[in-house]
Amino acid sequence: MLQKFLKKKTDVEEREAANDAVDLQEVTEEQTELPLEKRVGKLPKNMVSRFKEHDSHVFTLRIIIGGLLIALVMSLHALSQAPKQLRIRIPPDISNGAVINPNGFPKASVLSDVSYLWTAMNTWQTDGTKDTEQNLFRWQHFYSPEFLEQLREEYKRAGARGELNRKKRSWLAPASLMEFNDRVIETTSGSWIVYIDMKTEEDYMNRTVKSTTIRYPLLVERYDANIEMNPLGLRIVGYADRPQRISSD
């Protein structure tokens with residue numbers, strides 16, 4: 001009987017202890033859900049102030065982190081929109097310094113590029129009947145389709161007169177590249193009239209049969225195409241006026 005009585009008493013005590021633990025846990029959870037002032041109301045005022053400063057500091061840090069993330073996203077977007085390649089043109093005379101704008105077109109560079117293109121198109125190394133078609137194909141990305149067709153018609157008429165069976169070399173008249181301010185006239189933003197003086201020599205049977213200097217007023221425009229096809233970013237679109245003969249030997 002004594003053992004049963006002790007066992008029963010032990011079970012009752014264990015149940016009461018378990019109930020007390022549950023009640024204590026519920027009270028603790030309720031206190032946790034209470035505002036900071038009620039949870040720490042019995043603490044000293046300086047400790048309460050420190051709790052508030054801590055919460056305010058955490059909130060400020062969250063705002064700063066959010067702002068940094070927004071700035072990072074905007075920077076990545078701006079970087080993705082930036083040009084992958086830039087054209088930089090160096091003026092021929094930089095002895096006194098120069099201001100260079102990326103993707104800009106200084107007059108000296110326009111004159112130099114157009115002179116190179118026009119010389120290359122009008123140079124025949126072996127035979128005009130073959131070199132003309134080869135030049136039209138080789139430099140097609142630097143001329144407008146309409147002007148290429150116009151040049152092709154001019155070559156056909158020259159061939160009918162028997163002028164293509166000559167070896168022809170062309171180059172700029174001396175010192176003309178330094179006159180870029182007078183020879184490059186900007187008509188609109190991204191288009192120019194370029195005056196090119198070309199000295200032309202035509203050979204037939206190893207003899208120079210013709211030597212002429214002609215001024216060509218060429219219409220040139222900015223051409224944003226594939227940089228691999230046209231690294232200059234320019235193309236010649238036609239004549240601004242009729243070419244004029246300056247001298248003839």
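Values in this document were obtained by computation on a predicted structure and should not be read as measured data. (Residues numbered from 1 in each chain as written. Predicted model: local features only at pLDDT ≥ 70, side-chain atom pairs only at ≥ 80, totals over all residues. Heavy atoms only, no water.)

## Things to note about helix α6 (residues 145-160)
At step 1: Between the first and last C-alpha of α6 there are 23 Å, a value that for 16 residues agrees with the 22 Å anticipated at 1.5 Å per step.
At step 2: Every buried residue of α6 is accounted for by Phe-147, Leu-148, Leu-151, Tyr-155 and Ala-158. Down the axis of α6, the smallest arc covering the buried residues is 100°, so these residues share one side. Away from its buried face by more than 90 degrees, α6 exposes Pro-145, Glu-146, Lys-156 and Ala-160.
At step 3: Structurally, α6 contributes buried residues whose contacts are with α4 (107-121), α5 (128-138) and β5 (234-239).
At step 4: Just past α6, the residue Gly-162 takes up positive phi, approximately 80°. (Helix = DSSP H or I, 4+ residues; strand = E, 2+ residues; numbered from the N terminus. Expected span 1.5 Å × (residues − 1). Buried < 20%, exposed > 50% of the residue type's maximum accessible area, 1.4 Å probe, protein only. Arc of directions from axis to C-beta. Contact = heavy atoms within 4.5 Å.)

## Considerations on the UniProt feature "transmembrane region" (unreviewed entry) in the protein
At step 1: In the UniProt entry, the feature "transmembrane region" (unreviewed entry) is given for residues 59-79.
At step 2: In residues 59-79, the share of helix is 100% and the share of strand is 0%. The end C-alpha atoms are 31 Å apart. (UniProt positions renumbered as here; feature names shortened; annotations may be inferred.)

## A few points about the nonpolar core
At step 1: Counting residues in hydrophobic clusters, the biggest one holds 32 residues, and the most contacted among them are Trp-118, Tyr-143, Leu-151, Val-194, Leu-218 and Ile-236.
At step 2: Look past the residues within four positions of Leu-151 in its chain and what remains in contact with it is Trp-118, Met-121, Leu-136, Tyr-143 and Tyr-239. (Core = buried A, V, L, I, M, F, W, Y, C linked by side-chain atoms within 4.5 Å.)

## Notes on the packing of aromatic side chains
At step 1: Tallying each qualifying case throughout the model produces nine aromatic pairs.
At step 2: The side chain of Arg-235 reaches across the aromatic face of Tyr-223, ending 4.3 Å from its centre. (Phe/Tyr/Trp six-rings, centres within 6.5 Å; stacked < 30°, edge-to-face > 60°. Lys NZ or Arg CZ within 6 Å of the ring centre and 35° of its normal.)

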